[in-house]
Amino acid sequence: MITQVLLFCAIAYLIGAIPFALIIGKLFYNTDIRTMGSGNLGTTNTFRCLGKKAGVMVFILDISKGIVATFLPTLSLGKVEFLSIFGAFAMIGHVYPIFANFKGGKAVATGSGVFIFLYPALSALLLVIFFSTLFITGYVSLGSILICLTSIVYLAIFETGVDKWVMIVMCIFVIYMHKKNIQRLLNGTENQSKAKLRLGRKK
């Protein structure tokens, strides 16, 4: 089993390392998204620099990476109690992709795919929290941080086993990847999404 586990860890990393933002940008927009915006190979930068269609495509594909990387091992190993390890490798692959000079995104979408597979009920709650935060504040980063914090609390209280601790560590990792965003949020200089609801009277 050890050989199989190591093989699936490698496969999960390679799946996570597929830079869909880079591929979509070059294939359909003839541009390298690494030279635009934040330079990240993630959903937010794709939305911001290439528009809604590209953003939605990357979002779906990046989520799929987390789901596929966590699901594939079940075909051989069954539903073992450490599937989160493969999800974690997919997330690491997204952040440090071998196919893009080890400079990727922040693993929010890929991590969401892992959560969707492992904790579907929790994922529904996280979806509500994320989009509520996005529409009210306009801050994608804040929504991402809040769903990570919510996940940590939920997992710590209600879950047990290896998956619980692996995903808590990965949530902390994702929050760490947002350290610059946190600083900008505190300074009031963080970029706001156009998805923010315009409340009140127009000035």
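Looking at an unreviewed UniProt entry, one finds the protein chain named Glycerol-3-phosphate acyltransferase and attributed to Gemella morbillorum. Its UniProt record, at the heading Subcellular location (unreviewed entry), says of the protein chain: "Cell membrane".

(A) Quick peek at the UniProt feature "transmembrane region" (unreviewed entry) in the protein chain. Cross-referencing UniProt, the feature "transmembrane region" (unreviewed entry) maps to residues 6-29, 82-102 and 114-140 in the present numbering. Its end C-alpha atoms 37 Å apart, residues 6-29 is made of 88% helix and 0% strand. The span residues 114-140 is 89% helical and 0% strand by assignment, and the distance between its end C-alpha atoms comes to 19 Å.

(B) Looking closely at the packing of aromatic side chains. Evaluated as defined, the whole model comprises eight aromatic pairs. Taking the centre distance of 6.2 Å and the plane angle of 70° together, the rings of Phe71 and Phe117 count as edge-to-face. Of this pair, Phe71 sits in helix 4 (residues 52-71) while Phe117 sits in helix 7 (residues 108-118), and the two are 46 residues apart along the sequence. Exposure remark for Phe71: the relative accessible area of 36% places this residue in the partly exposed category. Aromatic pair Tyr96 and Phe173: ring centres 6.5 Å apart, planes at 45°, arrangement tilted. One end of the pair, Tyr96, is in the loop between helix 6 (83-95) and helix 7; the other, Phe173, is in helix 10 (residues 161-177), with 77 residues separating them in the sequence. Assessed through its relative accessible area of 37%, Tyr96 is described here as partly exposed. Through a chain of ring-to-ring contacts, three or more aromatic side chains come together here, namely Phe8, Phe82 and Phe86. The ring of Phe117 carries the charged tip of Lys79 above its face, separated from the ring centre by 5.3 Å.

(C) Region of interest: the pattern of salt bridges. Counting across every chain of the model gives three salt bridges. Where Asp62 meets Lys65, a salt bridge forms, and the shortest distance between an N and an O atom there is 3.5 Å. Taken together, the residues span about one helical turn, with Asp62 and Lys65 both in helix 4 at a distance of three residues. Ionic pairing is found between Glu190 and Arg184, a salt bridge with its closest N-O pair at 2.8 Å.

(D) Spotlight on the layout of surface pockets. There is about 180 Å³ of room inside the second largest pocket. As for the second largest pocket, its lining consists of Lys79, Val80, Glu81, Leu83, Phe117, Leu118, Tyr119, Glu159, Thr160, Gly161, Val162 and Asp163. Ranked by residue count, the leading element in the lining of the second largest pocket is helix 10, at three residues. When its residues are assigned to classes, the lining of the second largest pocket shows six nonpolar, two polar and four charged.

(E) A look at the nonpolar core. With 38 residues, the main nonpolar core has Leu77, Phe86, Met91, Phe115, Tyr119, Met167 and Met170 as its most contacted residues. Those elements giving two or more residues to this core turn out to be helix 1 (2-16), helix 6, helix 7, helix 8 (120-137), helix 9 (140-158) and helix 10. It is helix 10 that contributes the most residues to this core, nine residues altogether. Those residues in contact with Leu77 that lie beyond four places of it in its chain are Met1, Gln4, Val5, Phe8, Phe82 and Phe86. Leu22, Ile24, Ile33 and Ala54 belong to the second-largest nonpolar core, a separate cluster that totals nine residues.

Here is what the cut-offs are and how they apply
Residues numbered from 1 in each chain as written. Predicted model: local features only at pLDDT ≥ 70, side-chain atom pairs only at ≥ 80, totals over all residues. Heavy atoms only, no water. UniProt positions renumbered as here; feature names shortened; annotations may be inferred. Helix = DSSP H or I, 4+ residues; strand = E, 2+ residues; numbered from the N terminus. Phe/Tyr/Trp six-rings, centres within 6.5 Å; stacked < 30°, edge-to-face > 60°. Buried < 20%, exposed > 50% of the residue type's maximum accessible area, 1.4 Å probe, protein only. Lys NZ or Arg CZ within 6 Å of the ring centre and 35° of its normal. Salt bridge = Lys/Arg side-chain N within 4 Å of Asp/Glu carboxyl O. 1 Å grid on protein atoms, 1.4 Å probe; cavity = no way out; pocket = protein on both sides within 12 Å on 5 of 7 lines; lining within 4 Å. Points joined across faces, edges and corners; volume = space filled by probe spheres on them. Nonpolar A, V, L, I, M, F, W, Y, C, P; charged D, E, K, R; others polar. Core = buried A, V, L, I, M, F, W, Y, C linked by side-chain atoms within 4.5 Å. Contact = heavy atoms within 4.5 Å.

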